[in-house]
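Remarks on the overall topology
Okay, here's what each chain looks like letter by letter:
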Amino acid sequence: MFSSLKVRNYRLFFLGQVVSNTGTWMQRIAQDWLVLSLTGSATAVGITTALQFLPMLLFGLYGGVLVDRLPKRRTLLVTQTAMALTGLALAFLTLTGDVQVWHVYLAAFAVGLATVVDNPARQSFVSEMVGPEQLQNAVSLNSANFQSARLIGPAVAGLMITGVGTGWAFLANGLSFVAPLAGLLLMRSRELHVVQRAPRGKGQMREGLRYVAGRPELIWTIVLAGFVSTFGFNFPVYLSAFADDVFHAGAGSYSLFNTLMAVGSLAGALLAARRGTARMRALIGGALAFGAMEIVAAFAPSLWLFALLMAPIGMFGMTVNVTANSSIQMSTDPSMRGRVMALYMMVFMGGAPLGAPIAGWVTDAYGVRAGLAVGGAITATAAVVIALVLARVGGLRLSVGWNQGRPRARFVPREGREEELAAAA
């Protein structure tokens, strides 16, 4: 389960991210709380979130081009330093009492700009640290790392905000970047897996898009991740409405739902690390199970049953995320990896902000149970349709039968395809 941590360079990277991710979650909570306290407006909080994700939607593909051209370790030193300075600037303004809401807007947009390059660089740098044999395990542990911080960071931020104020939470985040920066500086360059960088040239963004379009295993994986993110991951809309409107239980139950989902996500990431390989059937199966569990949860009659269902929903959602991420990296030429990962992250991260208004409209018009059920149904349908498309592309057919008294469905080569494979053998 933890085999990639035997690699010294990745171990340094992982430990640095443990600290930095916790600080990042602290800043997210403190940032939203500060905006709400300055303006009293939930809309202003939404604007802050949108400004942080907007650069990825606008410039994500170009960020991937830069990552393919530049040395990733030095690039990460620059982006991580920029995000550290942003946190320290917010801390200074808040602690001196001079902070205004436009300062927070500017800081959120600046972090978003750094993320445009930082995100694909971090994702693709993993393969340079561990090599192809440990890639699936390392990607899974990265996700487990992030989910652990998601559990710890908000709790620490809450204690710090109520105890000493939001400014100190920003300061803690700024200082947390010392850990990943130290890890990057301590790495041994000779132990990195050398990847040839793409030369500077025109049309490299279009080249990346053509590369993805010509690879069915890439384009359909990204499409499926987009459907899951856009229609299945709108939990801020659904969970708050279930807590308040359906079960009338308040903020405590909302926190419980998110905590159980984070626990399930952490379990899903660790199971993916133990599995060791990224198979397309795991991706399709995870997306289908994720959608089906959302439909079941939509009609849960009690708060406790709904809460318990959050854990498997988080687990299957993380299975989709980890499997898609690692399968895309392993299927992509190293010189294209930055552009392909930028496209994937743009689709996956940008899906939820685009899908949230749709989920909100369905919830307002037909109720939150209908909203969650529709999101789950679209996700499950997308998984089935894409499975059939990939089967057709790969010359497979669906075989349904019995195995030791149990029903079994699997894809097998078509009759003509079987003869071709036998001749080739």
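Residues numbered from 1 in each chain as written. Predicted model: local features only at pLDDT ≥ 70, side-chain atom pairs only at ≥ 80, totals over all residues. Heavy atoms only, no water.

So, on to the overall build of the chain. Within the chain, the regular secondary structure consists of 16 helices and 2 strands. Each of the 425 residues in the chain was classed as buried or not, and the buried ones make up 48%. Summarising the internal contacts of the chain: among those between residues at least 6 apart in sequence, 82% fall at separations of at least 24. (Helix = DSSP H or I, 4+ residues; strand = E, 2+ residues; numbered from the N terminus. Buried < 20%, exposed > 50% of the residue type's maximum accessible area, 1.4 Å probe, protein only. Contact = heavy atoms within 4.5 Å.)

Another point: the packing of helix 1 (residues 8-39) against helix 7 (residues 178-186). Their axes nearest at 7 Å, the elements helix 1 and helix 7 cross at an angle of 170 degrees. Compared by their axis directions, helix 1 and helix 7 come out roughly antiparallel. Of helix 7, the residues touching helix 1 (which contributes Arg8, Leu12, Gly16, Gln17, Val19 and Ser20) are Ala179, Pro180, Gly183 and Leu186. Its residues assigned to classes, the contact of helix 1 with helix 7 comprises 5 nonpolar, 4 polar and 1 charged. (Axes fitted to C-alpha atoms, helices over the stretch in contact; angles between N-to-C directions. Parallel < 35°, antiparallel > 145°, perpendicular 65-115°, else oblique. Nonpolar A, V, L, I, M, F, W, Y, C, P; charged D, E, K, R; others polar.)

On to the side chain of asparagine 173, then. With respect to the secondary-structure elements, asparagine 173 resides in helix 6 (residues 166-176). Its relative accessible area of 3% is what places asparagine 173 among the buried residues. If we skip the residues at most four places from it in the chain, asparagine 173 touches Ser20, Gly23, Thr24, Gln27 and Gly87.

We now examine the packing of helix 1 against helix 6. The N-to-C vectors of helix 1 and helix 6 enclose an angle of 150 degrees; their axes lie 8 Å apart at closest approach. As the angle between them shows, helix 1 and helix 6 are arranged roughly antiparallel. For the pair helix 1 and helix 6, the crossing hand works out as left-handed. Two secondary-structure elements touch here, helix 1 through Val19, Ser20, Gly23, Thr24, Met26, Gln27, Ala30, Gln31, Trp33 and Leu34 and helix 6 through Thr166, Ala169, Phe170, Ala172, Asn173 and Ser176. Its residues assigned to classes, the contact of helix 1 with helix 6 comprises 8 nonpolar, 8 polar and no charged. (Left-handed = near helix turned anticlockwise from the far one by under 90°.)

Here we take up helix 3 (residues 72-95). When the terminal C-alpha atoms of helix 3 are compared, their 34 Å separation across 24 residues agrees well with the 34 Å that a helix rising 1.5 Å per residue should span. Among the residues trailing helix 3, glycine 97 stands out with phi positive, at a value near 80 degrees. (Expected span 1.5 Å × (residues − 1).)

Moving on, we get to the nonpolar core. Core analysis: the largest hydrophobic core is formed by 53 residues, its most contacted members being Leu224, Phe257, Phe306, Met310, Ile313 and Tyr344. Look past the residues within four positions of methionine 310 in its chain and what remains in contact with it is Leu239, Phe257, Leu260, Met261 and Ala297. If you look at the next biggest cluster of nonpolar residues, it comprises 25 residues, including Val67, Val139, Ala269 and Val322. (Core = buried A, V, L, I, M, F, W, Y, C linked by side-chain atoms within 4.5 Å.)

All told, the structure shown has 6 salt bridges when counted by the stated rule. Linking arginine 188 and glutamate 191 is a salt bridge whose minimum nitrogen-to-oxygen distance equals 3.0 Å. In this structure glutamate 191 comes out as partly exposed when scored by relative accessible area, which is 31%. Within the structure, one salt-bridge network assembled from shared partners comprises Asp68, Glu207 and Arg339. (Salt bridge = Lys/Arg side-chain N within 4 Å of Asp/Glu carboxyl O.)

Glancing now at the packing of aromatic side chains. Counting across every chain of the model gives 12 aromatic pairs. Here phenylalanine 13 and phenylalanine 125 contribute two aromatic rings whose centre-to-centre distance is 6.4 Å and whose plane-to-plane angle is 70 degrees, an arrangement assigned as edge-to-face. Separated by 112 residues along the polypeptide, phenylalanine 13 in helix 1 and phenylalanine 125 in helix 4 (residues 101-130) bring together distant segments of the chain. Like phenylalanine 125, phenylalanine 13 is buried. Ring-pair connections join several aromatic residues into one group, and the members of that group are Tyr10, Phe13, Phe14 and Phe125. Positioned over the ring face of tryptophan 25 is arginine 28, at 4.7 Å from the centre of the ring. (Phe/Tyr/Trp six-rings, centres within 6.5 Å; stacked < 30°, edge-to-face > 60°. Lys NZ or Arg CZ within 6 Å of the ring centre and 35° of its normal.)

What follows deals with helix 4. Along its 30 residues, helix 4 runs 42 Å from first to last C-alpha, staying within 8% of the 44 Å computed at 1.5 Å per residue. The sharpest bend along helix 4 measures roughly 40 degrees and falls at threonine 115. Judged by how many residues are buried, helix 4 sits mostly within the fold: 23 of 30 residues are covered. Positive phi appears at glycine 131, one or two residues downstream of helix 4, with a value of about 80 degrees. (Bend = angle between axes of the 7 residues up to and from the residue.)

With respect to the element layout, serine 124 can be found in helix 4. Accessibility expressed as a relative area gives 1% for serine 124, which makes it buried. In terms of polar contacts, serine 124 uses its side chain to reach the backbone carbonyl oxygen of alanine 121, at 3.5 Å. Apart from the residues within four sequence positions on either side, serine 124 is in contact with Val67, Lys72, Gln329, Arg337 and Gly338. (Polar contact = N/O pair within 3.5 Å; in protein donor to acceptor, adjacent residues only side chain to side chain.)

On the surface, a nonpolar cluster with roughly 670 Å² of combined accessible area is contributed by Leu54, Leu57, Leu58, Phe59, Tyr62, Leu113, Met205 and Leu209. Secondary-structure elements contributing two or more residues to the nonpolar patch are helix 2 (42-69) and helix 8 (204-213). If you tally residues by element for the nonpolar patch, the top one is helix 2, at 5 residues. Counting through the fold element by element, leucine 209 comes out in helix 8. (Patch = residues over 30% accessible without salt bridge, like charges linked within 9 Å, V, L, I, M, F, W, Y side chains within 5 Å. Areas by Shrake-Rupley, 256 points an atom, 1.4 Å probe, with all protein chains shown as cover.)

Across the chain, pLDDT averages 82, with 88% of residues at or above 70. Here residues 417-425 is modelled with pLDDT under 50, and outside its nearest four sequence neighbours on either side it reaches 4 contacts, counting other chains as well. (pLDDT = per-residue confidence, 0-100.)

Take the environment of leucine 303 next. Locating leucine 303 in the fold gives a position in helix 13 (residues 303-331). Sequence-wise, leucine 303 and phenylalanine 247 are 56 residues apart; in three dimensions their C-alpha atoms are separated by 6.2 Å. Discounting chain neighbours no more than four positions away, the residues touching leucine 303 are Phe247, Ala249, Ser253 and Phe257.

Right, let's talk about the environment of leucine 151 for a bit. For leucine 151, the location among the structural elements is in helix 5 (residues 135-163). In the structure, leucine 151 is positioned 110 residues away from methionine 261 in sequence and 9.9 Å away in space, judged by C-alpha atoms. Among all residues touching leucine 151, those that are not within four sequence positions of it are Thr259, Ala262, Val263 and Leu266.

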